[in-house]
Amino acid sequence: MKFDLHSHTYYSDGKLSPEDLVERAVEKGVDILAITDHDTVKALPIAQQHIDKNALPLTLIKGIEFSTKWESFEIHIVGLNIDVENSTLAGLIAEQTEKRATRAEKMAEKLEKRGFENVLERAKALANKGQLTRAHFAQVIQAQGAANTLQGVFKKFLVRGKPGYVTSEWCDIATAVKAIKAAGGQAVLAHPSRYKLSNKWLRRLLEEFKHAGGDGIEVALPQQAPSDRQFLAQLAEEYQLLSSQGSDFHFATNWLELGKNLYLPKASVPIWQDWAIAKEQELN
Ligand code: AMP
Ligand code: MN
Ligand code: MN
Ligand code: MN
């Protein structure tokens, strides 16, 4: 059974509609897909309806990816199996949306000082009904010659210390974990290696996350050195956290695809160990 527990639609910074994303997941042999857009759950009912209507052989896990602030880092916390109707969750989503809007205004102002034009309006048009993210700003200023690649745009303008970067007062880790748990979900620390933390800081982060009631960490990601996967698996064991896997799919590239290159080390305890869907499959 193929699990991919981290993906995005155009309701945040992914390229595909919820319908196209679930279709693609089926095409790529994914059996269980979590949609985890940044600070929004808008794609979920649409994706589920499309699955039902077309009787697609795919189980949708209702998810979200919250941006949090810890020390001076932006740490992402994924929620899996959340009740999207939960009011605590909805309250946090509303707060985060507000923070995105405030940050967007400040970012646009800074970028316009650098000579880019109509930045906010264009970014909003790209985001359409979805969450406004740095990826939208990146596209807007790339089209105006900021750099050749999106990576380049981020590096030159949109990461900490660069002229278009604005710190946002995202909620803290405990608040995100609490909202996810209130909504009946499991809280998973997303892509732990991507924060470029030293081992000492990574351990501090895991302490904090565990203390806040976190359930699991992403151990398997695509394009990952086997040693990194092993290291994360060890950390999961050490902190008694469950292990998750996800592509963090935003759009397909030559090296990244839904469900591709995702597997947990044999000794890992998967985040889905108690999910009904996983148990059913075992019996079959
Ligand atoms: P935000 O949550 O609005 O700050 O936007 C963060 C999103 O921008 C991430 O989820 C990534 O999808 C994207 N992103 C961040 N850093 C980079 C980068 N260096 N290159 C390309 N995309 C990036
Ligand atoms: Mn993203
Ligand atoms: Mn992330
Ligand atoms: Mn993500």
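Rules and cut-offs
Residues numbered from 1 in each chain as written. Chains lettered and ligands numbered in written order. Predicted model: local features only at pLDDT ≥ 70, side-chain atom pairs only at ≥ 80, totals over all residues. Heavy atoms only, no water. Near = heavy atom within 4 Å. Polar contact = N/O pair within 3.5 Å; in protein donor to acceptor, adjacent residues only side chain to side chain. Areas by Shrake-Rupley, 256 points an atom, 1.4 Å probe, with all protein chains shown as cover. Helix = DSSP H or I, 4+ residues; strand = E, 2+ residues; numbered from the N terminus. Nonpolar A, V, L, I, M, F, W, Y, C, P; charged D, E, K, R; others polar. Pairing = 2+ DSSP bridges. Contact = heavy atoms within 4.5 Å. Axes fitted to C-alpha atoms, helices over the stretch in contact; angles between N-to-C directions. 1 Å grid on protein atoms, 1.4 Å probe; cavity = no way out; pocket = protein on both sides within 12 Å on 5 of 7 lines; lining within 4 Å. Points joined across faces, edges and corners; volume = space filled by probe spheres on them. Phe/Tyr/Trp six-rings, centres within 6.5 Å; stacked < 30°, edge-to-face > 60°. Buried < 20%, exposed > 50% of the residue type's maximum accessible area, 1.4 Å probe, protein only. Lys NZ or Arg CZ within 6 Å of the ring centre and 35° of its normal. Donors = N, O, S within 2.8 Å, 3.2 Å for Na, K, Ca; no water. Expected span 1.5 Å × (residues − 1). Arc of directions from axis to C-beta. Core = buried A, V, L, I, M, F, W, Y, C linked by side-chain atoms within 4.5 Å. pLDDT = per-residue confidence, 0-100.

What am I meant to see in the site of ligand 1 here?
For ligand 1, the full set of nearby residues is Asp13, His38, Ser67, Arg100, Arg103, Thr133, Arg134, Gln151, Phe154 and His250. In this structure, Arg103 approaches ligand 1 through a side-chain N or O atom, which is 2.6 Å from an oxygen atom. In this structure, an oxygen atom belonging to ligand 1 sits 2.7 Å away from a side-chain N or O atom of Arg134. Taken by itself ligand 1 offers 500 Å² of open surface, and the protein chains cover 78% of this. For the shell around ligand 1, the secondary structure elements donating two or more residues are helix H3 (87–113) and helix H6 (150–158). Grouping the constituent residues of the shell around ligand 1 by class yields one nonpolar, five polar and four charged.

I would appreciate a short explanation of the sheet that holds strand S5 (residues 186–189) in the present structure.
The strand order S1-S2-S3-S4-S5-S6-S7 describes an open sheet built from seven strands, whose pairing is mixed. Each edge of the open sheet carries a strand with a single partner, namely strand S1 (3–4) and strand S7 (242–245). Relative to strand S6 (residues 216–220), S5 runs parallel, the two sharing two bridges. Across the sheet, the residue bridging to Leu189 is Ile217, located in S6. The strands touched by helix H7 (residues 173–182) within the sheet are strand S3 (59–70), strand S4 (73–80) and S5, with S4 carrying the most contacts at an inclination of about 10°.

Even after reading the chapter, I still don't get the layout of surface pockets, so can you show me in this structure?
Gaps left between atoms are located by rolling a probe of water-molecule size over the structure's atoms. Its boundaries defined by the atoms lining it, the second largest pocket holds a volume of some 200 Å³. Considering the residues around the second largest pocket, the lining is formed by 13 residues, among which Ala233, Glu237, Ala267, Ser268 and Val269 are closest to the centre. Secondary structure elements with two or more residues in the lining of the second largest pocket: helix H9 (226–238) and S7. The element contributing the most residues to the lining of the second largest pocket is H9, with five residues. Tallied by class, the residues present in the lining of the second largest pocket amount to seven nonpolar, five polar and one charged.

Teacher, can you tell me more about the environment of Thr9 here?
Tracing the backbone through its elements, the reader meets Thr9 in the loop between S1 and helix H1 (18–27). Sequence spacing of Thr9 and Ala147 is 138 residues, and the spatial spacing of their C-alpha atoms is 25 Å. Residues contacting Thr9, with those up to four places away along its chain left out, are Gly14, Leu16, Ser17, Pro18, Leu21, Ile35, Asp37 and Ala43.

What exactly am I supposed to notice about the side chain of Glu218 here?
Tracing the backbone through its elements, the reader meets Glu218 in strand S6. A polar contact is formed between the side chain of Glu218 and the side chain of His6, at a distance of 2.7 Å.

Where do I start with the packing of aromatic side chains in this structure?
Working definition: an aromatic ring pair is given by the centre-to-centre distance plus the angle between the planes. With the rule as written, the count across this model stands at seven aromatic pairs. Ring centres of Phe3 and Trp272 lie 3.9 Å apart, and the angle between their planes is 10°; on these two criteria the pair is classed as stacked. You can see Phe3 sitting in strand S1 and its partner Trp272 sitting in the loop between S7 and helix H10 (276–283), a full 269 residues away along the chain. By relative accessible area, which is 3% here, Phe3 ends up buried. Take Trp272: its relative accessible area is 13%, and that puts it in the buried class. By way of ring pairs, the aromatic residues Phe3, Trp272 and Trp275 are connected into one cluster. Taking the ring centre of Tyr263 as reference, the NZ or CZ of Arg229 above it sits at 4.1 Å.

Got a minute to help me understand the coordination of the manganese ion (ligand 3) in this structure?
Where a metal carries four tetrahedral donors, each ideal angle is 109.5 degrees; where it carries six octahedral donors, the ideal angles are 90 or 180 degrees. Coordination of the manganese ion (ligand 3) by the protein comes from Glu65 (OE), His76 (ND1) and His191 (NE2), over a distance range of 2.1 to 2.2 Å. Each donor residue of the manganese ion (ligand 3) belongs to the same chain, with the gaps between them written as E-x10-H-x114-H. The distance between the manganese ion (ligand 3) and the manganese ion (ligand 2) comes to 5.6 Å. Of this pair, Glu65 sits in strand S3 while His191 sits in the loop between S5 and helix H8 (199–211), and the two are 126 residues apart along the sequence. A single burial state applies to Glu65 and to His191, both of which are buried.

Can you walk me through H9 in this structure?
Since one α-helical turn is 3.6 residues long, residues separated by three or four positions face the same way. A rise of 1.5 Å per residue sets the reference length of H9, with its 13 residues, at 18 Å; its end C-alpha atoms lie 18 Å apart and thus fit the reference within 8%. Buried within H9 we find Arg229, Leu232, Ala233, Leu235 and Ala236. Buried residues along H9 cover an arc of 160° about the axis, so they all sit on one side. In H9, the exposed positions angled more than 90 degrees off the buried face are occupied by Pro226, Ser227, Gln234 and Glu237.

Any chance you could explain the nonpolar core here in plain terms?
Core analysis: the largest hydrophobic core is formed by 69 residues, its most contacted members being Leu5, Ile77 and Trp275. In terms of nonpolar packing, the next biggest core, distinct from the first, is built from 20 residues, Leu120, Ala127, Leu158 and Val166 among them.

Quick question: what am I supposed to make of the confidence of the model for the protein here?
Close inspection of predicted coordinates is inappropriate for parts of the model with low pLDDT. With 99% of its residues at a pLDDT of at least 70, the protein reaches an overall mean of 97. Within the protein, no element has a lower average pLDDT than H10, which sits at 75, and none a higher one than S5, at 99.

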